[in-house]
Amino acid sequence: MKRPPSWLSVLEETEAQRDDYLPTASWNNLRRRAALLRRVRAFFDERGFLEVETPVLSADTVVDRHLDPFQTGVPREPGRPSRRFWLQTSPEFAMKRLLVAGNVTSDSATSENAEDEPPTAIYQIARVFRLDEFGPRHNPEFTMVEWYRTGDGLDEAMQLTGELCEATLDRGPAERISYADAFAEHVGVCPHTGTTEELIAAAERHEINVPGSMSEMDRDGWLNLLFAERVQPRLGVKQPTLLYDYPANQAALAVVRHDSSPVAERFELFVDGLELANGYHELLDADELRRRNQAVNRERFGDGKRTLPEQSRLLKAMDAGLPACAGVALGFDRLAMLALGAKTLTEVIAFPFDRA
């Protein structure tokens, strides 16, 4: 599984370029990108979503095994250590705090002014940052469209995401395929019940090049390897694909549904093998999120990564009561790349990371 080059190596390689002050995207593409952005806003505005803005720099950060945030320090008085802040990998925490604020205020009082009523649906077009991701389909700073609507479950979230896909890409309606069915078709192993040994055997059977760092004990790692090599490239080729019901250990901040095999009520949107969006029927239990944060930090420590702060204002908000909702995050730059027929993100971004 080939990783994108590190951001440091990219910066070192571009230091000597004479034309690095010029944009990489054409004016035509930048105009078309702007038109697409207007179309996305119109889509949500027409459905009654409120556009919001939340901090890019925060004392809190998402705790994820595979997402590494940029860190910065804010000085205090002389002699005192600086306070640690993070560039956000997603506006998720703050947007959920807004939903909690609406839930708390609607429970405590009823306003006679309709404009003071809290919204039931919000969206944001945000700049987000993820460390050590750079390549044809990755940029450490990128634009994310994220939205939440109270009362929605997995089905409603997939329906809305499919509608947005139809409204922005000329690719027809999205199909729905379960994670288990996709694995059965392309790998031949059940991702929910298959053993690590069966996953390893499948990798050998399909002649997958296995990284030397792969541990025979890392079941999730083998699952991700098989998904990246055998499943993902085949998704969304004929029409956009909504892949749903992920393995329970990949729930992140999604609800886990306990069927015959536990599954995460999570989905992703793929077009031409490219992941465009990631959605959850959102977890409401703050204590469960605390447990997951601890588990993820143990995994990060085992991977040789720094641990991330487990406590956050989101947990306080969830203790107060996050309303039942579904949320989705969509990579706008990737959407623009597909809509414009571009091959790389540099064609739809004025100044990518190596020219920032």
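Details of the structure are given in the entry above.
Calculation notes
Residues numbered from 1 in each chain as written. Predicted model: local features only at pLDDT ≥ 70, side-chain atom pairs only at ≥ 80, totals over all residues. Heavy atoms only, no water. Buried < 20%, exposed > 50% of the residue type's maximum accessible area, 1.4 Å probe, protein only. Helix = DSSP H or I, 4+ residues; strand = E, 2+ residues; numbered from the N terminus. Pairing = 2+ DSSP bridges. Core = buried A, V, L, I, M, F, W, Y, C linked by side-chain atoms within 4.5 Å. Contact = heavy atoms within 4.5 Å. Salt bridge = Lys/Arg side-chain N within 4 Å of Asp/Glu carboxyl O. Expected span 1.5 Å × (residues − 1). Patch = residues over 30% accessible without salt bridge, like charges linked within 9 Å, V, L, I, M, F, W, Y side chains within 5 Å. Areas by Shrake-Rupley, 256 points an atom, 1.4 Å probe, with all protein chains shown as cover. Lys, Arg positive; Asp, Glu negative; His and termini not counted. Charge placed at Lys NZ, Arg CZ, Asp CG, Glu CD. Phe/Tyr/Trp six-rings, centres within 6.5 Å; stacked < 30°, edge-to-face > 60°. Lys NZ or Arg CZ within 6 Å of the ring centre and 35° of its normal.

Describe in detail the pairing of strand β10 (residues 262-271), supporting the description with residues and values.
Two faces make up the sheet, and in a regular strand the side chains alternate between them. Extensive coverage of β10 is indicated by the burial of nine of its 10 residues. Sheet topology note: the strand β8 (residues 241-247)/β10 ladder contains six bridges and is antiparallel. Bridge pairing links Tyr 244 to Phe 267 in β10. Bridging between strand β9 (residues 256-258) and β10 involves three bridges; their strand directions are antiparallel. When the sheet's bridge partners are listed, Val 256 is paired in β10 with Ala 264. Counting the residues between successive antiparallel strands, the hairpin from β9 to β10 contains three residues. In terms of strand pairing, β10 meets strand β11 (residues 274-281) through six bridges, oriented antiparallel. Paired with Phe 267 across the bridge in β11 is Gly 279. Counted along the chain from β10 to the antiparallel partner β11, the turn is two residues long, and its residue Asp 272 has a positive phi close to 55 degrees.

Residue-level account of the nonpolar core, with values.
Grouped together as the largest cluster of nonpolar side chains are 36 residues, with contacts concentrated most on Phe 44, Val 145, Trp 147, Leu 335 and Val 348. No other element matches the six residues that helix α4 (residues 154-168) contributes to this core. For Val 145, the residues in contact, after removing those within four places along its chain, are Val 40, Phe 44, Gln 124, Ile 125, Val 328, Ala 329, Leu 330 and Phe 332. Grouped together as the second largest cluster of nonpolar side chains are 23 residues, Val 189, Ala 203, Leu 225 and Val 231 included.

Outline the pattern of salt bridges, supporting the account with residue identities and numerical values.
Under the criterion given, the structure shown has 22 salt bridges. For Asp 272, the salt bridge goes to Arg 171, with nearest N and O atoms at 2.8 Å. With a gap of 101 residues between them, Asp 272 in the loop between β10 and β11 and Arg 171 in the loop between α4 and β7 (175-178) connect regions that are remote in the sequence. A salt bridge links Asp 287 to Arg 290, with the shortest nitrogen-to-oxygen separation between them at 2.9 Å. Separated by three residues within a single helix, Asp 287 and Arg 290 lie in helix α8 (residues 286-302), roughly one turn from each other. On the basis of relative accessible area, Arg 290 is assigned to the partly exposed category, the value being 23%. Several salt bridges share partner residues, and in doing so they unite Asp 245, Arg 257, Asp 259 and Glu 265 into one network.

I'd like a rundown of helix α7 (residues 219-231), residues and numbers included.
For α7, which comprises 13 residues, the first-to-last C-alpha distance of 17 Å matches the rise-based estimate of 18 Å (1.5 Å per residue) to within 8%. Residues of α7 that are buried sit in contact with α5 (179-186), α6 (196-205), β8 and β10.

Any chance you could break down a negative patch on the surface for me, citing the residues and the numbers?
A grouping of Glu 197, Glu 198, Glu 204 and Glu 216 is seen on the molecular surface, where their side chains present a negatively charged patch. Mapped onto the elements, Glu 198 comes out in helix α6.

I'd like a rundown of the pairing of strand β6 (residues 141-150), residues and numbers included.
Across the 10 residues of β6, seven count as buried, placing the element largely inside the fold. Direction of pairing for strand β5 (residues 121-129) relative to β6: antiparallel, over a ladder of nine bridges. Note that in β6 the partner of Ala 126 across the bridge is Met 144.

So, the packing of aromatic side chains: which residues are in play, and what are the values?
One pass over the structure, following the stated rule, counts 11 aromatic pairs. Relative to Phe 49, the ring of Phe 44 lies with its centre 5.1 Å away and its plane at 70 degrees, an arrangement referred to as edge-to-face. When its relative accessible area of 0% is taken as the criterion, Phe 44 is described as buried. Phe 49 sits in the buried class, given a relative accessible area of 5%. Of the aromatic side chains, those joined through ring pairs into one cluster are Phe 43, Phe 44, Phe 49, Tyr 123 and Trp 147. A cation over a ring is seen here: Arg 47 above Phe 43, with NZ or CZ 3.7 Å from the ring centre. Here the guanidinium or amino end of Arg 266 rests over the ring plane of Tyr 246, the centre of that ring lying 4.6 Å away.

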